[in-house]
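In case you want the letters, here they are:
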Number of protein chains: 2
Amino acid sequence: MPVAKPRFDRVAVIGVGLIGGSFALGLKAAGECRTVVGVGRNPDNMRLARELGIIDAVETDAAVAAQGADLILVATPVAQFAGLFARIAPVVIDAALIMDAGSTKQDVVEAARAGLGRRVGQFVPAHPIAGAEHSGAGAAKADLFKRKRVVLAPLEENPVSLVADATAAWEACGARISRMSASEHDAVFAAVSHLPHLLAYALVHEFAGRANSGQLFGYAAGGFRDFTRIASSHPEMWRDICVANREALTKELDRYIEKLRALRAPLTAGDAEALEKVFAESRDARNRWIAGGFDT
Amino acid sequence: MPVAKPRFDRVAVIGVGLIGGSFALGLKAAGECRTVVGVGRNPDNMRLARELGIIDAVETDAAVAAQGADLILVATPVAQFAGLFARIAPVVIDAALIMDAGSTKQDVVEAARAGLGRRVGQFVPAHPIAGAEHSGAGAAKADLFKRKRVVLAPLEENPVSLVADATAAWEACGARISRMSASEHDAVFAAVSHLPHLLAYALVHEFAGRANSGQLFGYAAGGFRDFTRIASSHPEMWRDICVANREALTKELDRYIEKLRALRAPLTAGDAEALEKVFAESRDARNRWIAGGFDT
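Residues numbered from 1 in each chain as written. Chains lettered and ligands numbered in written order. Predicted model: local features only at pLDDT ≥ 70, side-chain atom pairs only at ≥ 80, totals over all residues. Heavy atoms only, no water.

Colleague: Quick one: what's the story with the overall build of chain A, residue by residue and with numbers?
Modeller: Helices and strands together make up the secondary structure of chain A, namely twelve helices and nine strands. Across its three principal directions, the C-alpha atoms of chain A cover 70 × 40 × 40 Å. The burial tally for chain A puts 56% of its 296 residues in the buried class. When contacts within chain A are restricted to residue pairs at least 6 apart in sequence, long-range pairs at least 24 apart make up 76% of them. (Helix = DSSP H or I, 4+ residues; strand = E, 2+ residues; numbered from the N terminus. Buried < 20%, exposed > 50% of the residue type's maximum accessible area, 1.4 Å probe, protein only. Contact = heavy atoms within 4.5 Å.)

Colleague: Would you mind going over the packing of aromatic side chains in detail, with residue names and values included?
Modeller: If you walk through the whole model with that rule in mind, you get 23 aromatic pairs over all chains. Between Trp-289 of chain A and Phe-224 of chain B the ring centres are 5.2 Å apart and the planes differ by 80°, which places this aromatic pair in the edge-to-face class. Pair noted here: Trp-289 of chain A is in helix α12 (residues 272–290) and Phe-224 of chain B is in helix α9 (residues 222–227), and the two residues belong to different chains. The same class applies to Trp-289 of chain A and to Phe-224 of chain B, which are both buried. (Phe/Tyr/Trp six-rings, centres within 6.5 Å; stacked < 30°, edge-to-face > 60°.)

Colleague: If you had to explain helix α10 (residues 235–244) of chain B to someone new, which residues and values would you point to?
Modeller: By the burial criterion, the buried members of α10 of chain B are Pro-235, Trp-238, Arg-239, Ile-241, Cys-242 and Val-243 of chain B. Residues of α10 of chain B that are buried in the fold lie against α11 (246–269) and α12 of chain A together with α7 (182–208) and α11 (246–269) of chain B.

Colleague: Could you give an account of the environment of Ala-30 of chain B, with specific residues and numbers?
Modeller: Residue and element names in this part refer to chain B. Within the secondary structure, Ala-30 is located in the loop between α1 (18–29) and β2 (33–39). For Ala-30, a relative accessible area of 28% translates into the label partly exposed. The spacing of Ala-30 and Ala-285 is 255 residues in sequence and 37 Å in space, taken between C-alpha atoms.

Colleague: Quick rundown of the interface of chain B and chain A? Include the residues and the values.
Modeller: In this complex, chain B contributes 83 residues to the contact, which on the side of chain A involves 83 residues. At the junction of chain B and chain A, the tally comes to ten salt bridges. The shortest N-O distance in the salt bridge between Arg-264 of chain B and Asp-254 of chain A comes to 2.6 Å. Taken together, the links from chain B to chain A amount to 33 residue pairs in polar contact (both at pLDDT 80 or more). It is α7 of chain B that provides the largest number of residues to the side of chain B that touches chain A, a total of 18 residues. Looking at the side of chain B that touches chain A, its residues break down into 47 nonpolar, 16 polar and 20 charged. (Salt bridge = Lys/Arg side-chain N within 4 Å of Asp/Glu carboxyl O. Polar contact = N/O pair within 3.5 Å; in protein donor to acceptor, adjacent residues only side chain to side chain. Nonpolar A, V, L, I, M, F, W, Y, C, P; charged D, E, K, R; others polar.)

Shown next as structure tokens:
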């Protein structure tokens, strides 16, 4: 038990799934919060979260949970953010730090400006880079964010001390903090996350729609399984991400189509040397990445 | 020790790597061969294969190994097939079954017709669907092909009894046998195997070539890792596969580019419903596949 006083007294976690639940557990394990109030619609999930010690109390109304809270994490699907921000705005206290855990940032900032109004300066946009196939409070764990990256995209209105609190909260969960603007965030993740999801969905959909789909899937093996793993992701979540980040994602899609067109030429020409150069450079870059060569 | 006489007396395995070595071990474990002669250029690998009991004798000349063999497996990179077929043709005995283990089939059949000449009717093209990240004799294991598929693409010239022997040899290793024509094989694998490799290489190469590649790889996470795992595959092997199967692969690449173009429309329009439909159908198809719903 840490001797120091917890940094946060009353934490409201709105959406107690994998991310929200793990955040609560991480803060608790670090002794950085006194009590956690959870908000959720699914009674079974909330009961489980209570039983697992993730939260100390259950509320169904986000405004009731946010009242008096000095840390509010909004960890629901992004589509609910606008309504939730508007709902909690009237009860947010001056000392409160508000954060989200959404996969896109420009749309979230827009929703926060609209919903939180004069409280928007207390909102520090955050994106923890830690997902998993499993969801719900039952999948939450205190070390989910350990050594994982959390991107903070602070607003101009954020006081320096508040960004420091946001940093401290995620660091208490073991995360490594990066900072970038919301637009830079969305451009980077359009490339390394949203595009691969779109590509994987597209490939599976292409084969599923063919007359010989049974034959194709019947011969698909390990390479196809890994390549398409992310095509088993939540359709609703990825629909929302793609729509929210459609501008940056369209740019990435266009660049990728251009890349494929450029590769088509040596392929049809049977230009072995050109193909091997691309493949070898790709393998080298990926192996360097896997070995930690791009860690900053 | 099985009581029955082994089906094969002298087996020549040309190229004692993961595939050739595992085939030898599988046949031995099933009691289906008396002795295995291995052919390879790398003395360390051949010594290891001998020490591990994968092979009983080492030869450097494929023609010497093939002499008197009643089963010859050519398991080198496909680029060496033409020369090897020509080299062994003069010594192949009437009773010999010749097979390969290449990832493409039409080019292999062409090489076999040219190199084996009047012996081509003894050649049963085979493609075991079992790879792994590891290679070399040290990675070989008797159960590599257990419950894995092996596609046979018999020639019109193959006697029925010879195809039965080919089937029995792979079944002795635990494999499930499928049959299709060489062109059907190449079309199917262009889609479910060769295209994903090309797409993964292309994505890594696209990001590696950008000014902010360090930033992009720095934020790439688990989804990207799995999606691009096959971009760490051997560049030379995939160069050969792509060149050999460029016609079918170009067709698949064009269809995929068309698919991406079709997805671009709902994306730019922010058509959430259309995107969710594609994503949900993809997830359902993939989950059905993972659950064995497309097994034949």
